[in-house]
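Below are the chains, spelled out letter by letter.
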Amino acid sequence: MKKMRIFWILVYFLMPILPMALILQTSSFYFQNAFMMLSMVLGVTAYVWLVSQFILSARPKFIERYFGMDRLYRFHNTMAVVSFFLALAHNQIKERVFGLEKQVGEAALILFGLIIVFSLVFLGDSFLRKWRPIQVLRRFSAEKLRLKFKIVRFFHNFTLVAAGLLAIHVNQSLAASVSMPVRIFYIGYFVLAISFYVYHKFIKPALLRQNAFEVIGNVVEAPDVQTLKLGASKGKVFTYKPGQFVFITILDKEIGIEEHPFSLSSAPGNRDFITMTIKGLGDFTSKMKNVKMGTHVLVDGPYGYFSMLNHDPENDLVFIAGGIGITPILSMLLYLKENQPDRKALLLWGAQKPVDLVRMDEVEALQKEMPNLEIVPFVERGDDWKGQKGFITREYLAGKLFSSEVLDRQRDYYVCGPPVMMEIMIGHLKSLGVEGKHIHFERFAL
Ligand SMILES: Cc1cc2nc3c(=O)[nH]c(=O)nc-3n(C[C@H](O)[C@H](O)[C@H](O)COP(=O)(O)OP(=O)(O)OC[C@H]3O[C@@H](n4cnc5c(N)ncnc54)[C@H](O)[C@@H]3O)c2cc1C
(Lines give C-alpha, C1' and ligand atoms only; values in the text may rest on other atoms or scores of the structure.)
Protein backbone atom coordinates (compact mmCIF):
# COMPACT_ATOMS: atom_id res chain seq x y z
CA MET A 1 0.00 0.00 0.00
CA LYS A 2 2.68 2.47 1.10
CA LYS A 3 4.95 1.49 -1.80
CA MET A 4 2.17 2.10 -4.30
CA ARG A 5 1.49 5.49 -2.77
CA ILE A 6 5.13 6.47 -3.16
CA PHE A 7 5.11 5.10 -6.71
CA TRP A 8 2.15 7.28 -7.78
CA ILE A 9 3.53 10.36 -6.03
CA LEU A 10 6.85 9.91 -7.86
CA VAL A 11 5.06 9.38 -11.19
CA TYR A 12 3.13 12.60 -10.67
CA PHE A 13 6.04 14.78 -9.61
CA LEU A 14 8.62 13.37 -12.01
CA MET A 15 6.40 13.27 -15.09
CA PRO A 16 7.47 16.78 -16.31
CA ILE A 17 11.07 15.53 -16.60
CA LEU A 18 10.14 13.51 -19.70
CA PRO A 19 9.08 16.47 -21.91
CA MET A 20 11.93 18.58 -20.47
CA ALA A 21 14.44 15.92 -21.55
CA LEU A 22 12.85 15.80 -25.02
CA ILE A 23 13.05 19.60 -25.29
CA LEU A 24 16.68 19.83 -24.16
CA GLN A 25 17.69 17.14 -26.62
CA THR A 26 16.67 19.23 -29.62
CA SER A 27 16.74 22.82 -28.33
CA SER A 28 20.20 23.53 -26.90
CA PHE A 29 19.55 27.30 -26.79
CA TYR A 30 17.86 26.83 -23.40
CA PHE A 31 21.33 26.18 -21.91
CA GLN A 32 22.50 29.66 -22.98
CA ASN A 33 20.06 31.67 -20.91
CA ALA A 34 19.06 30.93 -17.31
CA PHE A 35 15.75 32.81 -17.64
CA MET A 36 14.82 30.83 -20.72
CA MET A 37 15.64 27.59 -18.94
CA LEU A 38 13.64 28.61 -15.87
CA SER A 39 10.67 29.74 -17.93
CA MET A 40 10.69 26.44 -19.85
CA VAL A 41 10.90 24.36 -16.64
CA LEU A 42 8.02 26.33 -15.08
CA GLY A 43 5.88 26.23 -18.20
CA VAL A 44 6.35 22.51 -18.89
CA THR A 45 5.74 21.58 -15.25
CA ALA A 46 2.59 23.72 -15.11
CA TYR A 47 1.28 22.16 -18.34
CA VAL A 48 1.88 18.56 -17.25
CA TRP A 49 0.46 19.07 -13.75
CA LEU A 50 -2.58 21.03 -14.94
CA VAL A 51 -3.43 18.48 -17.62
CA SER A 52 -2.95 15.69 -15.02
CA GLN A 53 -5.87 17.17 -13.09
CA PHE A 54 -8.25 15.64 -15.64
CA ILE A 55 -6.88 12.21 -14.78
CA LEU A 56 -7.15 12.77 -11.03
CA SER A 57 -10.67 14.18 -11.14
CA ALA A 58 -11.89 11.20 -13.18
CA ARG A 59 -11.58 9.13 -9.95
CA PRO A 60 -9.18 6.50 -11.36
CA LYS A 61 -9.63 3.51 -9.09
CA PHE A 62 -6.08 2.29 -9.73
CA ILE A 63 -4.82 5.42 -7.95
CA GLU A 64 -7.75 6.21 -5.62
CA ARG A 65 -7.57 2.86 -3.84
CA TYR A 66 -4.19 3.79 -2.32
CA PHE A 67 -5.15 7.28 -1.16
CA GLY A 68 -8.91 7.59 -0.73
CA MET A 69 -11.08 10.03 -2.61
CA ASP A 70 -10.90 12.95 -0.16
CA ARG A 71 -7.09 12.94 -0.23
CA LEU A 72 -7.11 12.68 -4.01
CA TYR A 73 -9.50 15.63 -4.32
CA ARG A 74 -7.50 17.72 -1.84
CA PHE A 75 -4.34 16.96 -3.80
CA HIS A 76 -6.20 17.95 -6.98
CA ASN A 77 -7.23 21.28 -5.33
CA THR A 78 -3.73 22.01 -4.12
CA MET A 79 -1.90 21.03 -7.29
CA ALA A 80 -4.28 23.06 -9.46
CA VAL A 81 -3.32 26.14 -7.42
CA VAL A 82 0.41 25.30 -7.42
CA SER A 83 0.40 24.69 -11.19
CA PHE A 84 -1.47 27.92 -11.79
CA PHE A 85 1.25 29.89 -9.95
CA LEU A 86 3.98 28.08 -11.90
CA ALA A 87 2.20 29.03 -15.13
CA LEU A 88 1.87 32.62 -13.91
CA ALA A 89 5.60 32.78 -13.12
CA HIS A 90 6.37 31.33 -16.59
CA ASN A 91 4.12 33.95 -18.16
CA GLN A 92 5.72 36.82 -16.20
CA ILE A 93 9.27 35.78 -17.20
CA LYS A 94 8.23 35.56 -20.84
CA GLU A 95 6.58 38.98 -20.70
CA ARG A 96 8.98 40.95 -18.52
CA VAL A 97 12.33 39.46 -19.52
CA PHE A 98 11.68 38.63 -23.17
CA GLY A 99 8.76 41.00 -23.93
CA LEU A 100 6.77 38.08 -25.37
CA GLU A 101 3.00 38.11 -25.08
CA LYS A 102 1.13 34.99 -26.07
CA GLN A 103 -2.59 35.69 -26.23
CA VAL A 104 -3.78 32.08 -26.20
CA GLY A 105 -1.60 31.27 -23.17
CA GLU A 106 -2.82 34.37 -21.40
CA ALA A 107 -6.48 33.53 -22.10
CA ALA A 108 -5.92 30.02 -20.67
CA LEU A 109 -4.25 31.50 -17.59
CA ILE A 110 -7.08 33.95 -16.92
CA LEU A 111 -9.73 31.26 -17.35
CA PHE A 112 -7.86 28.83 -15.08
CA GLY A 113 -7.43 31.60 -12.50
CA LEU A 114 -11.14 32.43 -12.47
CA ILE A 115 -12.19 28.78 -12.23
CA ILE A 116 -9.71 28.06 -9.44
CA VAL A 117 -10.83 31.03 -7.33
CA PHE A 118 -14.51 30.24 -7.91
CA SER A 119 -14.02 26.54 -7.09
CA LEU A 120 -11.97 27.18 -3.97
CA VAL A 121 -14.60 29.57 -2.68
CA PHE A 122 -17.71 27.58 -3.53
CA LEU A 123 -16.82 23.95 -4.21
CA GLY A 124 -16.47 21.17 -1.67
CA ASP A 125 -13.76 20.71 0.86
CA SER A 126 -11.17 23.32 -0.14
CA PHE A 127 -8.70 24.63 2.43
CA LEU A 128 -10.50 27.99 2.34
CA ARG A 129 -13.60 26.45 3.97
CA LYS A 130 -12.24 27.15 7.46
CA TRP A 131 -12.13 30.93 6.93
CA ARG A 132 -15.10 32.73 8.38
CA PRO A 133 -15.64 35.13 5.41
CA ILE A 134 -15.68 32.16 3.02
CA GLN A 135 -18.18 30.34 5.25
CA VAL A 136 -20.42 33.42 5.28
CA LEU A 137 -20.11 33.84 1.50
CA ARG A 138 -20.94 30.18 0.93
CA ARG A 139 -23.99 30.35 3.18
CA PHE A 140 -25.15 33.59 1.56
CA SER A 141 -24.77 32.21 -1.97
CA ALA A 142 -26.55 28.97 -1.07
CA GLU A 143 -29.42 30.53 0.88
CA LYS A 144 -29.97 33.88 -0.81
CA LEU A 145 -28.62 33.37 -4.34
CA ARG A 146 -29.67 29.67 -4.47
CA LEU A 147 -26.26 28.89 -5.96
CA LYS A 148 -26.45 25.11 -6.30
CA PHE A 149 -23.58 22.65 -6.08
CA LYS A 150 -24.37 21.44 -9.61
CA ILE A 151 -24.12 25.00 -11.02
CA VAL A 152 -20.74 25.45 -9.36
CA ARG A 153 -19.64 22.10 -10.75
CA PHE A 154 -20.91 23.04 -14.22
CA PHE A 155 -18.74 26.17 -14.15
CA HIS A 156 -15.82 24.04 -12.94
CA ASN A 157 -16.09 22.06 -16.21
CA PHE A 158 -14.87 25.13 -18.13
CA THR A 159 -11.40 23.91 -17.18
CA LEU A 160 -11.78 21.83 -20.33
CA VAL A 161 -11.78 25.02 -22.46
CA ALA A 162 -8.83 26.40 -20.48
CA ALA A 163 -6.90 23.14 -20.99
CA GLY A 164 -7.68 23.22 -24.71
CA LEU A 165 -6.25 26.75 -24.96
CA LEU A 166 -3.23 25.62 -22.97
CA ALA A 167 -2.63 22.71 -25.34
CA ILE A 168 -2.75 25.11 -28.33
CA HIS A 169 -0.37 27.47 -26.51
CA VAL A 170 2.28 24.85 -25.73
CA ASN A 171 2.13 23.52 -29.28
CA GLN A 172 2.85 27.02 -30.58
CA SER A 173 6.02 27.20 -28.46
CA LEU A 174 9.47 27.29 -30.03
CA ALA A 175 10.42 23.93 -28.49
CA ALA A 176 7.38 22.21 -29.97
CA SER A 177 7.85 23.81 -33.37
CA VAL A 178 11.39 22.38 -33.69
CA SER A 179 10.79 18.96 -32.19
CA MET A 180 8.28 16.35 -33.30
CA PRO A 181 8.73 14.20 -30.10
CA VAL A 182 7.86 17.26 -27.97
CA ARG A 183 4.72 17.88 -30.04
CA ILE A 184 3.79 14.20 -29.78
CA PHE A 185 4.20 14.32 -26.00
CA TYR A 186 2.17 17.53 -25.60
CA ILE A 187 -0.70 16.31 -27.77
CA GLY A 188 -0.51 12.70 -26.59
CA TYR A 189 -0.63 13.60 -22.90
CA PHE A 190 -3.51 16.00 -23.51
CA VAL A 191 -5.47 13.32 -25.41
CA LEU A 192 -4.75 10.76 -22.67
CA ALA A 193 -5.96 13.07 -19.89
CA ILE A 194 -9.05 14.16 -21.80
CA SER A 195 -9.86 10.50 -22.51
CA PHE A 196 -10.09 9.94 -18.75
CA TYR A 197 -12.48 12.88 -18.54
CA VAL A 198 -14.62 11.63 -21.46
CA TYR A 199 -14.71 8.12 -19.96
CA HIS A 200 -15.70 9.48 -16.57
CA LYS A 201 -18.37 11.89 -17.84
CA PHE A 202 -19.93 9.93 -20.71
CA ILE A 203 -18.80 6.33 -21.09
CA LYS A 204 -18.93 5.26 -17.44
CA PRO A 205 -22.50 6.59 -16.87
CA ALA A 206 -23.62 4.72 -20.00
CA LEU A 207 -22.04 1.51 -18.69
CA LEU A 208 -23.56 2.05 -15.23
CA ARG A 209 -26.98 2.47 -16.90
CA GLN A 210 -26.67 -1.01 -18.36
CA ASN A 211 -26.12 -2.40 -14.85
CA ALA A 212 -28.41 -0.04 -12.96
CA PHE A 213 -29.45 -0.97 -9.44
CA GLU A 214 -33.09 -1.01 -8.36
CA VAL A 215 -34.66 0.40 -5.19
CA ILE A 216 -35.94 -2.62 -3.26
CA GLY A 217 -36.51 -0.87 0.07
CA ASN A 218 -36.90 2.64 1.47
CA VAL A 219 -37.15 2.67 5.25
CA VAL A 220 -37.91 5.68 7.48
CA GLU A 221 -35.28 5.64 10.25
CA ALA A 222 -36.14 9.04 11.74
CA PRO A 223 -38.26 11.99 10.50
CA ASP A 224 -35.38 13.19 8.32
CA VAL A 225 -33.41 9.96 7.75
CA GLN A 226 -34.13 7.23 5.19
CA THR A 227 -32.34 3.98 4.42
CA LEU A 228 -32.34 3.14 0.72
CA LYS A 229 -31.89 -0.52 -0.09
CA LEU A 230 -30.63 -1.21 -3.60
CA GLY A 231 -30.46 -4.55 -5.37
CA ALA A 232 -28.34 -5.27 -8.43
CA SER A 233 -30.55 -5.80 -11.46
CA LYS A 234 -28.03 -8.26 -12.90
CA GLY A 235 -26.34 -10.82 -10.64
CA LYS A 236 -24.73 -9.93 -7.33
CA VAL A 237 -23.59 -6.54 -6.04
CA PHE A 238 -19.90 -5.61 -6.30
CA THR A 239 -17.48 -6.45 -3.50
CA TYR A 240 -16.53 -3.59 -1.19
CA LYS A 241 -14.70 -2.95 2.05
CA PRO A 242 -16.67 -1.88 5.11
CA GLY A 243 -16.46 1.91 5.41
CA GLN A 244 -16.34 2.59 1.67
CA PHE A 245 -18.76 4.82 -0.20
CA VAL A 246 -20.42 5.11 -3.59
CA PHE A 247 -21.79 7.86 -5.82
CA ILE A 248 -25.45 7.33 -6.63
CA THR A 249 -27.64 8.89 -9.33
CA ILE A 250 -31.35 8.26 -8.87
CA LEU A 251 -33.02 8.08 -12.28
CA ASP A 252 -36.11 10.06 -11.36
CA LYS A 253 -36.49 13.63 -12.61
CA GLU A 254 -38.59 14.60 -9.60
CA ILE A 255 -35.75 13.69 -7.26
CA GLY A 256 -33.15 15.31 -9.50
CA ILE A 257 -30.79 13.40 -11.76
CA GLU A 258 -27.53 14.32 -10.05
CA GLU A 259 -24.72 12.35 -8.51
CA HIS A 260 -24.19 12.32 -4.71
CA PRO A 261 -21.76 10.39 -2.50
CA PHE A 262 -22.99 8.16 0.34
CA SER A 263 -21.27 5.63 2.57
CA LEU A 264 -22.47 2.08 2.36
CA SER A 265 -24.19 1.19 5.62
CA SER A 266 -24.70 -2.50 4.80
CA ALA A 267 -22.75 -5.64 5.63
CA PRO A 268 -20.17 -6.22 2.88
CA GLY A 269 -20.70 -9.97 3.15
CA ASN A 270 -24.23 -9.60 1.83
CA ARG A 271 -24.00 -9.56 -1.97
CA ASP A 272 -27.78 -9.37 -2.54
CA PHE A 273 -28.17 -5.68 -1.79
CA ILE A 274 -26.46 -2.53 -0.51
CA THR A 275 -27.89 0.11 1.78
CA MET A 276 -27.27 3.81 2.29
CA THR A 277 -28.64 5.70 5.27
CA ILE A 278 -29.24 9.28 4.27
CA LYS A 279 -30.00 12.37 6.32
CA GLY A 280 -32.09 15.09 4.69
CA LEU A 281 -29.88 18.14 4.84
CA GLY A 282 -30.45 19.81 1.47
CA ASP A 283 -32.42 19.83 -1.78
CA PHE A 284 -31.48 16.31 -2.86
CA THR A 285 -31.22 14.43 0.42
CA SER A 286 -34.53 15.77 1.75
CA LYS A 287 -36.32 14.11 -1.19
CA MET A 288 -35.18 10.59 -0.23
CA LYS A 289 -38.54 9.74 1.30
CA ASN A 290 -40.10 10.24 -2.16
CA VAL A 291 -37.87 7.64 -3.83
CA LYS A 292 -40.19 4.94 -5.14
CA MET A 293 -39.68 1.20 -5.13
CA GLY A 294 -38.37 -0.10 -8.45
CA THR A 295 -36.66 3.20 -9.35
CA HIS A 296 -33.39 2.67 -11.19
CA VAL A 297 -30.22 3.99 -9.58
CA LEU A 298 -26.71 4.30 -11.02
CA VAL A 299 -24.11 3.25 -8.50
CA ASP A 300 -20.48 4.24 -9.08
CA GLY A 301 -18.02 2.74 -6.65
CA PRO A 302 -16.84 1.55 -4.28
CA TYR A 303 -14.41 4.31 -3.32
CA GLY A 304 -12.59 5.37 -0.17
CA TYR A 305 -9.78 4.35 2.13
CA PHE A 306 -11.71 4.66 5.41
CA SER A 307 -11.84 1.01 6.39
CA MET A 308 -10.29 -1.03 9.17
CA LEU A 309 -9.36 -3.55 6.48
CA ASN A 310 -6.64 -1.12 5.37
CA HIS A 311 -4.95 -1.24 8.80
CA ASP A 312 -3.58 -3.69 11.36
CA PRO A 313 -6.11 -6.53 11.78
CA GLU A 314 -5.01 -7.13 15.38
CA ASN A 315 -5.42 -3.63 16.77
CA ASP A 316 -8.28 -2.74 19.09
CA LEU A 317 -10.81 -0.42 17.54
CA VAL A 318 -12.24 2.88 18.74
CA PHE A 319 -15.05 4.28 16.60
CA ILE A 320 -16.15 7.86 17.17
CA ALA A 321 -19.30 8.82 15.27
CA GLY A 322 -21.26 12.06 15.13
CA GLY A 323 -24.91 11.74 14.04
CA ILE A 324 -25.22 10.32 10.54
CA GLY A 325 -21.44 9.75 10.56
CA ILE A 326 -22.36 6.32 11.96
CA THR A 327 -22.99 4.95 8.44
CA PRO A 328 -19.48 3.78 7.44
CA ILE A 329 -18.86 2.65 11.03
CA LEU A 330 -22.07 0.61 10.99
CA SER A 331 -20.80 -1.24 7.93
CA MET A 332 -17.50 -1.92 9.75
CA LEU A 333 -19.37 -3.23 12.82
CA LEU A 334 -21.54 -5.47 10.63
CA TYR A 335 -18.38 -6.79 8.99
CA LEU A 336 -16.79 -7.46 12.38
CA LYS A 337 -19.86 -9.36 13.55
CA GLU A 338 -19.47 -11.74 10.62
CA ASN A 339 -15.70 -11.99 10.51
CA GLN A 340 -14.10 -11.05 13.84
CA PRO A 341 -16.87 -11.11 16.46
CA ASP A 342 -14.36 -11.25 19.33
CA ARG A 343 -12.35 -8.22 18.32
CA LYS A 344 -12.24 -5.54 20.98
CA ALA A 345 -14.12 -2.43 19.92
CA LEU A 346 -15.57 0.68 21.48
CA LEU A 347 -18.18 2.87 19.79
CA LEU A 348 -18.65 6.42 21.06
CA TRP A 349 -21.61 7.90 19.22
CA GLY A 350 -22.74 11.47 19.73
CA ALA A 351 -26.06 12.86 18.47
CA GLN A 352 -28.23 15.90 19.09
CA LYS A 353 -31.37 13.99 20.09
CA PRO A 354 -32.08 10.32 20.87
CA VAL A 355 -33.99 10.07 17.57
CA ASP A 356 -30.77 10.93 15.71
CA LEU A 357 -29.21 7.68 16.92
CA VAL A 358 -30.58 5.96 13.83
CA ARG A 359 -30.57 2.15 13.49
CA MET A 360 -29.73 2.00 17.21
CA ASP A 361 -31.64 -1.31 17.66
CA GLU A 362 -29.42 -2.89 15.03
CA VAL A 363 -26.26 -1.46 16.61
CA GLU A 364 -27.23 -2.63 20.10
CA ALA A 365 -28.21 -6.07 18.82
CA LEU A 366 -24.63 -6.52 17.62
CA GLN A 367 -23.49 -6.74 21.24
CA LYS A 368 -25.23 -10.10 21.62
CA GLU A 369 -22.82 -11.64 19.14
CA MET A 370 -19.84 -9.39 19.84
CA PRO A 371 -18.86 -9.88 23.49
CA ASN A 372 -16.04 -7.32 23.31
CA LEU A 373 -18.04 -4.51 21.74
CA GLU A 374 -18.93 -1.60 24.00
CA ILE A 375 -21.32 1.11 22.87
CA VAL A 376 -21.60 4.50 24.55
CA PRO A 377 -24.16 6.87 23.01
CA PHE A 378 -24.06 10.57 23.88
CA VAL A 379 -27.07 12.84 23.45
CA GLU A 380 -27.01 16.65 23.61
CA ARG A 381 -30.72 17.24 24.15
CA GLY A 382 -33.17 14.74 25.66
CA ASP A 383 -34.86 15.13 29.05
CA ASP A 384 -35.70 11.44 29.38
CA TRP A 385 -32.28 10.32 28.22
CA LYS A 386 -30.62 8.08 30.80
CA GLY A 387 -27.23 7.73 29.16
CA GLN A 388 -24.31 10.13 28.65
CA LYS A 389 -25.41 13.72 28.08
CA GLY A 390 -23.70 16.52 26.14
CA PHE A 391 -20.64 16.21 23.91
CA ILE A 392 -17.86 13.64 23.92
CA THR A 393 -15.24 15.64 25.81
CA ARG A 394 -11.49 15.41 26.08
CA GLU A 395 -11.85 14.50 29.76
CA TYR A 396 -14.21 11.67 28.89
CA LEU A 397 -11.81 10.34 26.24
CA ALA A 398 -8.88 10.60 28.63
CA GLY A 399 -10.73 8.71 31.37
CA LYS A 400 -12.24 6.10 29.10
CA LEU A 401 -9.31 5.38 26.87
CA PHE A 402 -6.22 6.06 28.89
CA SER A 403 -6.92 5.30 32.53
CA SER A 404 -8.84 2.08 32.32
CA GLU A 405 -8.53 -1.41 31.00
CA VAL A 406 -11.27 -0.96 28.40
CA LEU A 407 -8.86 -1.49 25.55
CA ASP A 408 -5.45 -2.90 26.13
CA ARG A 409 -3.47 -3.19 22.92
CA GLN A 410 -2.51 -0.93 20.06
CA ARG A 411 -5.56 0.88 18.84
CA ASP A 412 -6.85 2.42 15.65
CA TYR A 413 -9.33 5.28 15.84
CA TYR A 414 -12.02 5.82 13.20
CA VAL A 415 -13.77 9.18 13.28
CA CYS A 416 -16.72 10.26 11.14
CA GLY A 417 -19.22 13.04 11.73
CA PRO A 418 -19.89 16.74 11.12
CA PRO A 419 -16.69 18.65 10.17
CA VAL A 420 -16.50 20.65 13.42
CA MET A 421 -17.01 17.61 15.62
CA MET A 422 -14.38 15.69 13.68
CA GLU A 423 -11.82 18.43 14.02
CA ILE A 424 -12.45 18.63 17.75
CA MET A 425 -12.23 14.84 18.24
CA ILE A 426 -9.06 14.51 16.18
CA GLY A 427 -7.58 17.42 18.15
CA HIS A 428 -8.47 15.71 21.45
CA LEU A 429 -6.97 12.41 20.37
CA LYS A 430 -3.74 14.05 19.24
CA SER A 431 -3.51 16.08 22.45
CA LEU A 432 -3.86 12.81 24.37
CA GLY A 433 -0.82 11.45 22.55
CA VAL A 434 -2.44 9.36 19.81
CA GLU A 435 -0.22 9.30 16.73
CA GLY A 436 -1.73 10.63 13.51
CA LYS A 437 -1.12 7.31 11.75
CA HIS A 438 -3.63 5.64 14.08
CA ILE A 439 -6.37 8.22 13.47
CA HIS A 440 -8.49 7.56 10.38
CA PHE A 441 -11.38 9.73 9.32
CA GLU A 442 -13.93 10.27 6.59
CA ARG A 443 -15.19 13.76 5.78
CA PHE A 444 -18.70 13.89 4.36
CA ALA A 445 -17.51 16.55 1.93
CA LEU A 446 -15.35 16.32 -1.20
C1 LIG B 1 -17.53 10.23 1.28
C2 LIG B 1 -18.90 10.76 1.66
C3 LIG B 1 -19.79 9.93 2.30
C4 LIG B 1 -21.05 10.42 2.68
N5 LIG B 1 -21.91 9.57 3.31
C6 LIG B 1 -23.12 10.02 3.72
C7 LIG B 1 -24.04 9.16 4.40
O8 LIG B 1 -23.77 7.96 4.61
N9 LIG B 1 -25.22 9.68 4.78
C10 LIG B 1 -25.56 10.98 4.55
O11 LIG B 1 -26.66 11.39 4.93
N12 LIG B 1 -24.71 11.83 3.92
C13 LIG B 1 -23.50 11.39 3.49
N14 LIG B 1 -22.65 12.24 2.83
C15 LIG B 1 -23.05 13.63 2.61
C16 LIG B 1 -23.96 13.76 1.39
O17 LIG B 1 -23.26 13.41 0.21
C18 LIG B 1 -24.43 15.23 1.26
O19 LIG B 1 -25.16 15.55 2.42
C20 LIG B 1 -25.33 15.42 0.07
O21 LIG B 1 -24.62 15.20 -1.13
C22 LIG B 1 -25.88 16.84 0.13
O23 LIG B 1 -26.71 17.07 -0.98
P24 LIG B 1 -28.00 18.03 -0.88
O25 LIG B 1 -28.34 18.50 -2.25
O26 LIG B 1 -29.08 17.36 -0.15
O27 LIG B 1 -27.52 19.22 0.04
P28 LIG B 1 -26.90 20.63 -0.35
O29 LIG B 1 -27.39 21.59 0.68
O30 LIG B 1 -27.11 20.96 -1.77
O31 LIG B 1 -25.36 20.37 -0.14
C32 LIG B 1 -24.73 20.40 1.11
C33 LIG B 1 -23.25 20.15 0.88
O34 LIG B 1 -23.08 18.81 0.43
C35 LIG B 1 -22.08 18.76 -0.59
N36 LIG B 1 -22.71 18.29 -1.83
C37 LIG B 1 -23.87 18.69 -2.37
N38 LIG B 1 -24.11 18.06 -3.51
C39 LIG B 1 -23.06 17.24 -3.71
C40 LIG B 1 -22.72 16.32 -4.73
N41 LIG B 1 -23.50 16.14 -5.78
N42 LIG B 1 -21.54 15.66 -4.62
C43 LIG B 1 -20.73 15.87 -3.59
N44 LIG B 1 -20.99 16.69 -2.56
C45 LIG B 1 -22.16 17.38 -2.64
C46 LIG B 1 -21.55 20.15 -0.76
O47 LIG B 1 -20.39 20.28 0.05
C48 LIG B 1 -22.63 21.03 -0.23
O49 LIG B 1 -22.16 22.23 0.28
C50 LIG B 1 -21.41 11.76 2.41
C51 LIG B 1 -20.51 12.58 1.74
C52 LIG B 1 -19.28 12.09 1.36
C53 LIG B 1 -18.33 12.99 0.63
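Keep in mind that what you see is a predicted model, and the values were worked out from it rather than measured. (Residues numbered from 1 in each chain as written. Predicted model: local features only at pLDDT ≥ 70, side-chain atom pairs only at ≥ 80, totals over all residues.)

For the rest of this paragraph, the subject is the overall build of the protein. For the protein, the helix and strand inventory stands at 15 helices and twelve strands. For the protein, the C-alpha atoms occupy an extent of roughly 75 × 50 × 45 Å along the three principal directions. Here the protein holds 446 residues, and 35% of them are scored as buried. Here the contacts in the protein between residues at least 6 apart in sequence split such that 74% fall between residues at least 24 apart. (Helix = DSSP H or I, 4+ residues; strand = E, 2+ residues; numbered from the N terminus. Buried ≥ 20, exposed ≤ 12 C-beta atoms within 10 Å, placed from the backbone. Contact = placed C-beta atoms within 7 Å.)

Right, let's get into the sheet that holds strand 7 (residues 316-322). Adjacent strands of a sheet form backbone hydrogen bonds with each other and so pair up, either parallel or antiparallel. One open sheet accounts for six strands, arranged 10-9-8-7-11-12; its pairing is parallel. Only two strands of the sheet have a single partner each, and these edge strands are strand 10 (388-389) and strand 12 (439-442). As paired strands, strand 7 and strand 8 (residues 345-351) are joined by six bridges and run parallel to one another. When the bridges of strand 8 are listed, G322 appears paired with G350. (Pairing = 2+ DSSP bridges.)

Take the domain arrangement of the protein next. For interface size, the figure often reported is the accessible area lost on association. Here the protein is partitioned into domain 1 (2-208), domain 2 (213-303) and domain 3 (308-442). For domain 1 and domain 2, the distance between their C-alpha centroids amounts to 33 Å. At the interface, seven residues of domain 1 touch five residues of domain 2. For the side of domain 1 that touches domain 2, the leading source of residues is helix 11 (residues 180-210), giving three residues. When the residues that make up the side of domain 1 that touches domain 2 are grouped by side-chain class, the tally is three nonpolar, no polar and four charged. (Domains from an automatic or database assignment. Nonpolar A, V, L, I, M, F, W, Y, C, P; charged D, E, K, R; others polar.)

Another point: the environment of K353. Examined against the element boundaries, K353 turns out to sit in the loop between strand 8 and helix 13 (360-369). Taking the number of C-beta atoms within 10 Å as the measure of exposure, K353 has 13 and is therefore partly exposed. Taking the C-alpha atoms as reference points, K353 and E380, separated by 27 residues in sequence, lie 6.2 Å from one another. Residue contacts for K353: discarding those within four places in its chain leaves V379, R381 and G382.

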